[in-house]
Amino acid sequence: MKIAVLIKEVPDTGADRLLNLDTGLADRAASEAVLDEIGERTLEVALKYADGTPGTEITVLTMGPDSAQATLRKGLAMGAASAVHISDEQLLGADLLLTADTLAAALRRGGYDLILTGNMSTDGAAGVLPAMLAELLDLPAATGLSEIRIGPEAVEGSREFDGAAAQIRVPLPAIVSITESLPDARFPNFKGIMAAKKKPIEVLGLADLGVDPLPADTARTIMLSVAQKPPRTAGTVITDDGEAGNALADFLVKNNLA
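The structure presented is a predicted model; accordingly, all values stated were derived computationally and were not measured.

Participant: Would you explain the pattern of salt bridges in this entry?
Facilitator: Close approach of charged atoms allows side chains with opposite charge to pair. As enumerated under the stated definition, the model contains eight salt bridges in all. In this structure, the salt-bridge partner of Glu-44 is Arg-186, at a minimum N-O distance of 2.8 Å. Of this pair, Glu-44 sits in helix H1 (residues 37–51) while Arg-186 sits in the loop between strand E11 (174–178) and helix H5 (190–196), and the two are 142 residues apart along the sequence. Measuring nitrogen to oxygen at the nearest pair gives 3.0 Å for the salt bridge that ties Arg-186 to Asp-51. Of this pair, Arg-186 sits in the loop between E11 and H5 while Asp-51 sits in helix H1, and the two are 135 residues apart along the sequence.

The structure is reproduced here in C-alpha coordinates:
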(Lines give C-alpha, C1' and ligand atoms only; values in the text may rest on other atoms or scores of the structure.)
Protein backbone atom coordinates (compact mmCIF):
# COMPACT_ATOMS: atom_id res chain seq x y z
CA MET A 1 0.00 0.00 0.00
CA LYS A 2 1.22 3.50 -0.83
CA ILE A 3 0.42 6.04 1.88
CA ALA A 4 0.98 9.79 1.67
CA VAL A 5 1.13 11.71 4.95
CA LEU A 6 0.71 15.48 4.80
CA ILE A 7 2.85 17.34 7.32
CA LYS A 8 3.55 21.02 7.91
CA GLU A 9 6.21 23.31 9.33
CA VAL A 10 4.60 25.70 11.83
CA PRO A 11 5.79 28.27 14.39
CA ASP A 12 6.47 26.68 17.77
CA THR A 13 3.07 26.25 19.42
CA GLY A 14 4.59 27.05 22.81
CA ALA A 15 5.65 30.53 21.72
CA ASP A 16 3.66 33.65 20.92
CA ARG A 17 2.48 33.73 17.31
CA LEU A 18 2.54 37.09 15.55
CA LEU A 19 1.29 38.53 12.28
CA ASN A 20 3.25 40.88 10.10
CA LEU A 21 0.81 43.80 9.93
CA ASP A 22 2.26 44.99 6.61
CA THR A 23 1.86 41.70 4.74
CA GLY A 24 -0.83 39.95 6.78
CA LEU A 25 1.37 36.85 6.90
CA ALA A 26 2.51 34.94 9.96
CA ASP A 27 5.81 36.25 11.29
CA ARG A 28 7.70 32.95 11.12
CA ALA A 29 10.94 34.58 12.25
CA ALA A 30 9.40 35.37 15.62
CA SER A 31 9.68 31.79 16.90
CA GLU A 32 11.34 28.48 16.10
CA ALA A 33 9.78 26.43 13.29
CA VAL A 34 8.74 22.88 14.20
CA LEU A 35 6.89 19.94 12.72
CA ASP A 36 3.23 20.38 13.62
CA GLU A 37 2.22 17.94 16.36
CA ILE A 38 -0.90 16.81 14.49
CA GLY A 39 1.37 15.90 11.57
CA GLU A 40 3.50 13.76 13.89
CA ARG A 41 0.40 11.94 15.14
CA THR A 42 -0.79 11.42 11.57
CA LEU A 43 2.55 9.93 10.56
CA GLU A 44 2.42 7.67 13.60
CA VAL A 45 -0.88 6.22 12.32
CA ALA A 46 0.79 5.30 9.03
CA LEU A 47 3.91 3.94 10.72
CA LYS A 48 1.92 1.69 13.06
CA TYR A 49 0.12 0.22 10.07
CA ALA A 50 3.44 -0.27 8.26
CA ASP A 51 4.93 -2.00 11.34
CA GLY A 52 2.46 -4.85 10.88
CA THR A 53 2.07 -4.73 7.12
CA PRO A 54 5.21 -5.48 5.09
CA GLY A 55 5.39 -3.74 1.73
CA THR A 56 3.79 -0.51 2.96
CA GLU A 57 5.43 2.56 1.42
CA ILE A 58 5.06 5.85 3.30
CA THR A 59 5.79 9.25 1.76
CA VAL A 60 5.70 12.48 3.76
CA LEU A 61 4.65 15.53 1.75
CA THR A 62 4.77 19.21 2.62
CA MET A 63 4.40 22.62 1.00
CA GLY A 64 6.64 25.31 2.40
CA PRO A 65 9.91 27.26 2.26
CA ASP A 66 13.40 25.74 2.13
CA SER A 67 13.43 25.46 5.93
CA ALA A 68 10.60 22.90 5.73
CA GLN A 69 13.17 20.28 4.71
CA ALA A 70 14.00 19.94 8.41
CA THR A 71 10.46 18.76 9.14
CA LEU A 72 10.64 16.33 6.23
CA ARG A 73 13.92 14.93 7.56
CA LYS A 74 12.26 14.38 10.93
CA GLY A 75 9.44 12.48 9.21
CA LEU A 76 12.03 10.37 7.40
CA ALA A 77 13.87 9.75 10.67
CA MET A 78 10.64 8.56 12.26
CA GLY A 79 10.29 5.93 9.53
CA ALA A 80 8.86 7.34 6.30
CA ALA A 81 10.57 5.98 3.17
CA SER A 82 10.61 9.15 1.03
CA ALA A 83 9.53 12.78 0.98
CA VAL A 84 8.08 15.35 -1.41
CA HIS A 85 8.78 19.05 -0.85
CA ILE A 86 6.69 21.59 -2.78
CA SER A 87 8.66 24.82 -2.75
CA ASP A 88 8.05 27.88 -4.93
CA GLU A 89 8.37 31.61 -4.25
CA GLN A 90 4.96 32.13 -5.85
CA LEU A 91 3.41 30.12 -3.02
CA LEU A 92 4.35 32.71 -0.40
CA GLY A 93 1.13 33.62 1.41
CA ALA A 94 -0.89 31.02 -0.54
CA ASP A 95 -4.54 30.86 0.48
CA LEU A 96 -6.46 27.63 0.98
CA LEU A 97 -7.58 27.47 -2.65
CA LEU A 98 -4.06 27.65 -4.05
CA THR A 99 -2.76 25.37 -1.31
CA ALA A 100 -5.40 22.74 -2.09
CA ASP A 101 -4.79 22.96 -5.85
CA THR A 102 -1.04 22.56 -5.36
CA LEU A 103 -1.23 19.69 -2.89
CA ALA A 104 -3.83 17.90 -5.02
CA ALA A 105 -1.55 18.13 -8.08
CA ALA A 106 1.34 16.61 -6.13
CA LEU A 107 -0.82 13.85 -4.65
CA ARG A 108 -2.27 13.04 -8.06
CA ARG A 109 1.24 12.31 -9.34
CA GLY A 110 1.89 9.78 -6.57
CA GLY A 111 -1.02 7.41 -7.17
CA TYR A 112 -1.47 6.84 -3.44
CA ASP A 113 -3.87 4.29 -1.96
CA LEU A 114 -4.38 6.36 1.18
CA ILE A 115 -3.80 10.03 2.02
CA LEU A 116 -3.54 10.83 5.73
CA THR A 117 -3.64 14.30 7.23
CA GLY A 118 -4.44 16.09 10.46
CA ASN A 119 -7.83 17.70 10.85
CA MET A 120 -6.27 21.18 11.07
CA SER A 121 -2.89 22.83 11.45
CA THR A 122 -2.02 24.78 14.58
CA ASP A 123 -1.12 27.94 12.67
CA GLY A 124 -3.99 28.31 10.20
CA ALA A 125 -6.57 26.14 12.03
CA ALA A 126 -9.00 26.35 9.10
CA GLY A 127 -9.92 22.66 9.21
CA VAL A 128 -11.22 22.48 5.63
CA LEU A 129 -8.18 21.32 3.63
CA PRO A 130 -8.92 17.55 3.87
CA ALA A 131 -12.40 18.06 2.42
CA MET A 132 -11.07 20.36 -0.30
CA LEU A 133 -8.48 17.78 -1.32
CA ALA A 134 -11.12 15.04 -1.40
CA GLU A 135 -13.21 17.18 -3.75
CA LEU A 136 -10.31 18.01 -6.05
CA LEU A 137 -9.08 14.40 -6.15
CA ASP A 138 -12.59 12.93 -6.38
CA LEU A 139 -11.92 10.66 -3.40
CA PRO A 140 -14.14 9.55 -0.52
CA ALA A 141 -13.23 11.30 2.73
CA ALA A 142 -13.37 10.31 6.38
CA THR A 143 -12.61 13.44 8.36
CA GLY A 144 -11.98 14.17 12.03
CA LEU A 145 -11.46 10.57 13.14
CA SER A 146 -10.56 9.98 16.78
CA GLU A 147 -10.03 6.25 16.14
CA ILE A 148 -8.77 4.65 12.94
CA ARG A 149 -8.34 1.14 11.57
CA ILE A 150 -6.61 0.75 8.21
CA GLY A 151 -7.35 -2.35 6.15
CA PRO A 152 -6.25 -3.52 2.70
CA GLU A 153 -9.48 -2.34 1.08
CA ALA A 154 -11.00 0.26 3.43
CA VAL A 155 -10.45 2.53 6.41
CA GLU A 156 -12.77 2.47 9.39
CA GLY A 157 -12.90 4.77 12.38
CA SER A 158 -14.89 6.79 14.84
CA ARG A 159 -15.87 10.45 14.66
CA GLU A 160 -16.92 11.96 17.97
CA PHE A 161 -19.76 14.41 18.48
CA ASP A 162 -21.20 15.91 21.66
CA GLY A 163 -22.27 12.85 23.62
CA ALA A 164 -22.14 10.50 20.63
CA ALA A 165 -19.83 8.85 18.12
CA ALA A 166 -20.37 7.93 14.48
CA GLN A 167 -18.74 4.87 12.94
CA ILE A 168 -17.21 5.74 9.56
CA ARG A 169 -16.04 3.46 6.75
CA VAL A 170 -14.57 4.51 3.39
CA PRO A 171 -13.19 2.31 0.59
CA LEU A 172 -9.67 2.86 -0.68
CA PRO A 173 -8.29 4.95 -2.26
CA ALA A 174 -9.42 7.65 0.16
CA ILE A 175 -8.36 10.68 2.16
CA VAL A 176 -8.59 10.50 5.96
CA SER A 177 -7.98 13.17 8.61
CA ILE A 178 -7.40 12.50 12.29
CA THR A 179 -7.68 14.51 15.49
CA GLU A 180 -5.34 14.90 18.45
CA SER A 181 -7.20 12.08 20.20
CA LEU A 182 -4.80 9.69 18.49
CA PRO A 183 -1.65 8.67 20.43
CA ASP A 184 1.57 10.66 20.56
CA ALA A 185 4.17 9.95 17.89
CA ARG A 186 7.34 7.94 18.40
CA PHE A 187 10.70 9.68 18.79
CA PRO A 188 13.25 9.20 16.03
CA ASN A 189 16.14 7.00 17.21
CA PHE A 190 19.78 7.39 16.22
CA LYS A 191 19.51 4.73 13.53
CA GLY A 192 16.50 6.49 12.02
CA ILE A 193 18.21 9.88 12.09
CA MET A 194 21.25 8.53 10.27
CA ALA A 195 19.12 6.65 7.74
CA ALA A 196 17.07 9.80 7.02
CA LYS A 197 20.17 11.49 5.59
CA LYS A 198 20.18 8.99 2.71
CA LYS A 199 16.45 8.94 1.99
CA PRO A 200 15.23 10.87 -1.08
CA ILE A 201 13.44 14.22 -0.98
CA GLU A 202 11.83 15.21 -4.27
CA VAL A 203 11.54 19.00 -4.67
CA LEU A 204 8.75 20.31 -6.91
CA GLY A 205 7.72 23.77 -8.05
CA LEU A 206 4.45 25.01 -9.51
CA ALA A 207 5.75 24.51 -13.04
CA ASP A 208 6.47 20.85 -12.28
CA LEU A 209 2.90 20.42 -11.07
CA GLY A 210 1.22 22.41 -13.83
CA VAL A 211 -0.42 24.77 -11.33
CA ASP A 212 -1.00 28.43 -12.20
CA PRO A 213 -0.87 30.53 -9.02
CA LEU A 214 -3.06 33.25 -10.56
CA PRO A 215 -5.48 31.78 -13.11
CA ALA A 216 -7.18 34.56 -15.05
CA ASP A 217 -10.67 33.07 -14.70
CA THR A 218 -10.62 32.39 -10.95
CA ALA A 219 -10.84 34.92 -8.13
CA ARG A 220 -8.74 33.70 -5.24
CA THR A 221 -9.07 34.90 -1.66
CA ILE A 222 -8.17 38.58 -1.09
CA MET A 223 -7.28 39.93 2.36
CA LEU A 224 -8.78 43.37 2.85
CA SER A 225 -7.21 44.26 6.19
CA VAL A 226 -5.29 42.90 9.16
CA ALA A 227 -5.01 44.21 12.71
CA GLN A 228 -3.33 43.21 15.93
CA LYS A 229 -5.52 41.41 18.44
CA PRO A 230 -6.58 43.87 21.16
CA PRO A 231 -5.22 43.25 24.66
CA ARG A 232 -7.39 41.23 27.00
CA THR A 233 -9.56 43.42 29.22
CA ALA A 234 -10.41 42.79 32.84
CA GLY A 235 -13.48 40.63 33.41
CA THR A 236 -16.59 41.55 35.39
CA VAL A 237 -16.28 40.76 39.09
CA ILE A 238 -19.46 39.95 40.98
CA THR A 239 -19.19 40.19 44.76
CA ASP A 240 -21.55 37.88 46.65
CA ASP A 241 -23.43 40.18 48.99
CA GLY A 242 -26.55 38.05 48.89
CA GLU A 243 -27.58 39.16 45.41
CA ALA A 244 -24.80 37.47 43.43
CA GLY A 245 -27.22 34.98 41.86
CA ASN A 246 -29.45 37.73 40.49
CA ALA A 247 -26.44 39.75 39.33
CA LEU A 248 -25.03 36.74 37.48
CA ALA A 249 -28.38 36.03 35.85
CA ASP A 250 -28.67 39.68 34.75
CA PHE A 251 -25.14 39.56 33.30
CA LEU A 252 -25.90 36.40 31.28
CA VAL A 253 -29.14 37.84 29.93
CA LYS A 254 -27.55 41.18 29.06
CA ASN A 255 -24.80 39.47 27.07
CA ASN A 256 -27.17 37.01 25.36
CA LEU A 257 -25.53 34.06 27.14
CA ALA A 258 -28.63 32.69 28.82
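Participant: Looking at this structure, I do not really get helix H2 (residues 69–78). What am I missing?
Facilitator: An α-helical turn contains 3.6 residues, so a residue and the one three or four places further along point in the same direction. Taken together, the buried positions of H2 are occupied by Thr-71, Leu-72, Gly-75, Leu-76, Ala-77 and Met-78. Immediately beyond the C-terminal end of H2, within one or two residues, lies Gly-79, with a positive phi of roughly 145°.

Participant: Quick question: what am I supposed to make of the packing of helix H3 (residues 96–110) against helix H4 (residues 129–137) here?
Facilitator: Helices that pack against each other are described as a pair by the angle of their axes relative to one another and the distance between those axes. As a packed pair, H3 and H4 sit with axes 9 Å apart at the nearest point and diverge in direction by 55°. Taken together, the axis directions place H3 and H4 in an arrangement best described as oblique. As H3 runs across H4, the sense of the crossing is right-handed. Judged by residue contacts, Leu-96, Leu-97, Thr-99, Ala-100, Asp-101, Leu-103, Ala-104, Leu-107 and Arg-108 of H3 engage Leu-129, Met-132, Leu-133, Leu-136 and Leu-137 from H4. For the contact of H3 with H4, the residue count by class is 11 nonpolar, one polar and two charged.

Participant: For this particular structure, what's the right way to read the packing of H1 against H2?
Facilitator: Orientation of H1 relative to H2, taken along the N-to-C sense of each, is 30°, at an axis distance of 11 Å. Judged on the interaxial angle alone, H2 and H1 are roughly parallel. In this structure, the crossing between H1 and H2 has a hand that is right-handed. Residue-level contacts link Glu-40, Leu-43 and Leu-47 of H1 to Lys-74, Gly-75 and Met-78 of H2. Of the residues that constitute the contact of H1 with H2, the class distribution is three nonpolar, one polar and two charged.

Participant: Help me understand the sheet that holds strand E5 (residues 82–86), please; the structure alone is not making it clear to me.
Facilitator: The pairing of strands in a sheet comes from backbone hydrogen bonds and takes either a parallel or an antiparallel form. Taken in spatial order, the seven strands line up as E7-E11-E6-E1-E4-E5-E12 in an open sheet, and their pairing is parallel. Of all the strands in the sheet, just strand E7 (141–145) and strand E12 (201–204) have a single pairing partner and so form its edges. Across the sheet, the mean angle separating the axes of adjacent strands is 20° when strand polarity is ignored. Two strands pair when backbone bridges link them, and strand E1 (residues 2–6) and strand E6 (residues 114–118) are joined in this way by three bridges, in the parallel orientation. Directly across from Ala-4, in E6, lies its bridge partner Ile-115.

Participant: Sorry, what's going on with the packing of aromatic side chains here?
Facilitator: One pair of aromatic rings is described through two measures. These are the centre distance and the angle between the planes. In this structure the tally under the stated criterion is zero aromatic pairs. Positioned above the aromatic ring of Tyr-112, the side-chain terminus of Lys-2 is 5.4 Å from the ring centre.

Participant: Please clarify how the environment of Arg-169 should be interpreted in this entry.
Facilitator: Tracing the sequence through the fold places Arg-169 in strand E10 (residues 164–171). Residues Arg-169 and Ala-105, 64 residues apart in the sequence, show an inter-C-alpha distance of 25 Å. Once residues within four sequence positions are removed from consideration, Arg-169 is found in contact with Ala-154, Val-155 and Glu-156. A polar contact is formed between the side chain of Arg-169 and the side chain of Glu-156, at a distance of 3.2 Å.

Participant: It is not clear to me how the pairing of E5 should be interpreted in this structure. Could you clarify?
Facilitator: Look at any regular strand and the pattern is simple: side chains alternate between the two faces of the sheet. Burial analysis of E5 places five of its five residues in the buried class, which makes it a mostly covered element. Across five bridges, the pairing between strand E4 (residues 57–63) and E5 is parallel. Looking at E5, one finds that Thr-62 is bridged to His-85. Considered for its hand, the β-α-β crossover made up of E4, H2 and E5 is right-handed. Pairing of E5 with E12 involves four bridges; the strand directions are parallel. Bridge pairing in E12 places Val-84 opposite Glu-202.

The rules behind the values
Residues numbered from 1 in each chain as written. Predicted model: local features only at pLDDT ≥ 70, side-chain atom pairs only at ≥ 80, totals over all residues. Heavy atoms only, no water. Salt bridge = Lys/Arg side-chain N within 4 Å of Asp/Glu carboxyl O. Helix = DSSP H or I, 4+ residues; strand = E, 2+ residues; numbered from the N terminus. Buried < 20%, exposed > 50% of the residue type's maximum accessible area, 1.4 Å probe, protein only. Axes fitted to C-alpha atoms, helices over the stretch in contact; angles between N-to-C directions. Parallel < 35°, antiparallel > 145°, perpendicular 65-115°, else oblique. Left-handed = near helix turned anticlockwise from the far one by under 90°. Contact = heavy atoms within 4.5 Å. Nonpolar A, V, L, I, M, F, W, Y, C, P; charged D, E, K, R; others polar. Pairing = 2+ DSSP bridges. Phe/Tyr/Trp six-rings, centres within 6.5 Å; stacked < 30°, edge-to-face > 60°. Lys NZ or Arg CZ within 6 Å of the ring centre and 35° of its normal. Polar contact = N/O pair within 3.5 Å; in protein donor to acceptor, adjacent residues only side chain to side chain. Right-handed = clockwise from strand over helix to strand, strands pointing away.

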